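Summary of structural features
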Amino acid sequence: MRRDIEHVGWGKLTYEIRAIVGVAQDLRNLGLEIIWENIGDPIEKGEQVPVWIKEIIADLAMKDKTYGYCATQGVLETREFVAKLVNQRGSYQVTADDIIFFNGLGDAVAKIFGFLKREARVIGPSPAYSTHSSAEAAHSGYEHLTYELDPSNGWMPDLVDLENKVRYNDSIAGILFINPDNPTGAVYPCELIEKIVDIARRYNIFVLADEIYANIVYSGHPTCSLSEVIGEVPGMALRGISKEYPWPGGRCGWMEVYNKDKNPDFNAYIKSLLNAKMLEVCSTSLPQLSIPPVMGDPRYRAHLDARRRMFEHRAQEAWQTFQGVAGVRVIKPQGAFYMSVMFEDGVLNGRQALEIENPKIKAHIEEIVQGVQVDKRFVYYLLGATGICVVPLTGFCCNRKGFRVTLLETDDAKRLRTWRTIVDAITRYLASA
């Protein structure tokens, strides 16, 4: 073409969680049965939405208003309801004007980074959730800026590392954290979040909190929403229904905005996000309209409590299964529905392999492992030998070697069998060379 039409950062748009699906599909076409452990979709893994929630949604679907546009910022009644939930936490108080709805948090993240000035960077955790890290890297055209999560300290953020990077890099305009965290399952205590906010306050930058798993916390230790500790610092928190109802296909999430009126630059930036939403008219109406009757139903709290207990049991089960396995470290998840398994330093190399009986699958795996990271090599061999599809830790913008599993499988026997198969594969793989 006569002009270069490629965005400078397009090559940073990687998403290992779904990228590995292409490899798995190739192997399925060769006759391999795949066990999908790569993505956080409760519905795909067999969880059923409660009938009473389905009935509310079905009743709404029979009403003509659910088929029309809504306000650009979101359904007013729903924004008022969400604002009331925020205010019930105490501390920072919002109005409906501080709530913005998006077509899922992927849409929100794309807007957040897409409308930041290119030179303005947002530092995030490592391991990182790919949607955030890829979007931030793509907007800037550079590698995503990260601070370390420390596995020796329960995957807590290394605040010294974070502050040093903020202090010496004045391009950093914001700090991102995920609580509960994906992919580690860590849950941050209130005092840690307060310290992150304090760093932002002292260096005059904003805070972005991904709180999509806020109602899946089973650590037994208190944690906080960003709204409870934000003070006068500009901030945004992201929430949604995909992991709670769960309704991931509904693509419905929202942003809570804090202190936009206290900082002219931040206020103008939030207006740019609203203008961007205006160009696409609005987000989908039906999921938004379901929020007040579902979350306001007296059965909703019991629904959340039951899911917390379910994931707490599975987290304990997963952690116990991997205990004592030579060559790996696991930290028990405290929230969300993931667990990261980390290989000890030096135990992986480029010669290890698993036996694969199907010659076509074996040839395919041997071809694609050439030159990849050593944990990705293990993940591919695990996939080819067992059909189990997990995600390498290096796919989460991370130098540590390992992989992430989910806690989502609803078939108890299959879930245990899957984890035990992975344990057996680790032992055989590490002993192979």
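Since the structure is predicted, the reported quantities are computational estimates derived from the model, not experimental observations.

A few words now on the domain arrangement of the protein chain. You can read the domains of the protein chain as domain 1 (16–47 + 301–431) and domain 2 (63–297). Taking only C-alpha atoms into account, the centre of domain 1 sits 28 Å from that of domain 2. Facing 34 residues of domain 1, the contacting portion of domain 2 comprises 34 residues. Carbon and sulfur atoms supply 57% of the area buried between domain 1 and domain 2, which totals about 2700 Å² over both sides. At the boundary of domain 1 and domain 2, one finds one salt bridge. A salt bridge links Arg 400 to Glu 148; the nearest nitrogen and oxygen atoms lie 3.5 Å apart. Run the count over domain 1 and domain 2 and you get 18 residue pairs in polar contact (both at pLDDT 80 or more). Mapped by element, the contributors of at least two residues to the side of domain 1 that touches domain 2 are α1 (16–29), α10 (299–322) and β11 (338–343). Broken down by element, the residue count for the side of domain 1 that touches domain 2 peaks at eight residues, all from α10.

Applying the stated criterion to the full structure yields one disulfide. Free cysteine: Cys 70, not disulfide-bonded; nearest cysteine sulfur from Cys 282 at 4.0 Å. Owing to a relative accessible area of 16%, Cys 70 belongs among the buried residues under this scheme. Among the cysteines around Cys 389, which has no disulfide bond, Cys 398 carries the closest sulfur, lying 18 Å off. Accessibility expressed as a relative area gives 0% for Cys 389, which makes it buried.

The positions UniProt marks with the feature "domain: Aminotransferase class I/classII large" (unreviewed entry) are residues 46–415. The span residues 46–415 shows a helical share of 40% and a strand share of 16%, and its end C-alpha atoms are spaced 11 Å apart.

Let's shift gears to helix α3 (residues 76–88). Its 13 residues give α3 an end-to-end C-alpha distance of 18 Å, which sits within 8% of 18 Å, the value for a rise of 1.5 Å per residue. Among the residues of α3, Thr 78, Arg 79, Phe 81, Val 82, Ala 83 and Val 86 are the ones counted as buried. In this fold, the buried residues of α3 make contact with β2 (99–102), β9 (253–258) and α9 (285–295). Just beyond α3, the residue with positive phi is Gly 90, at close to 90 degrees.

The rules we used
- Position labels on residues start from 1 in each chain and follow its written sequence.
- With the structure being a predicted model, the display of local features is reserved for residues of pLDDT at least 70 and the display and counting of side-chain atom pairs for 80 or more, all residues being used for whole-chain, interface and lining totals.
- Water and hydrogen atoms play no part in the side-chain values, which are based on all heavy atoms of the structure.
- An automatic or database domain assignment supplies the residue ranges for each domain.
- We call two residues in contact when some of their heavy atoms are within 4.5 Å.
- Here the quantity called buried area is the accessible surface, traced with a 1.4 Å probe, that two parts lose on coming together, added over both.
- Whenever Lys or Arg places a side-chain nitrogen within 4 Å of a carboxyl oxygen from Asp or Glu, that contact is recorded as a salt bridge.
- Pairs of N or O atoms are called polar contacts if they sit within 3.5 Å, as long as, within protein, a hydrogen donor faces a hydrogen acceptor (for residues adjacent in sequence, only side-chain-to-side-chain pairs).
- Secondary structure counts use DSSP, requiring at least four H or I residues in a row for a helix and at least two E residues in a row for a strand, with both numbered from the N terminus.
- Disulfide assignment relies on a single distance test, namely cysteine sulfur atoms paired within 2.5 Å.
- Relative accessibility thresholds used throughout: buried, under 20% of the residue-type maximum; exposed, over 50%; partly exposed, between the two (1.4 Å probe, protein chains only).
- UniProt positions are given in the numbering used here, feature names are shortened, and annotations may be inferred rather than shown by experiment.
- Any helix carries an expected span of 1.5 Å times its number of residues minus one.

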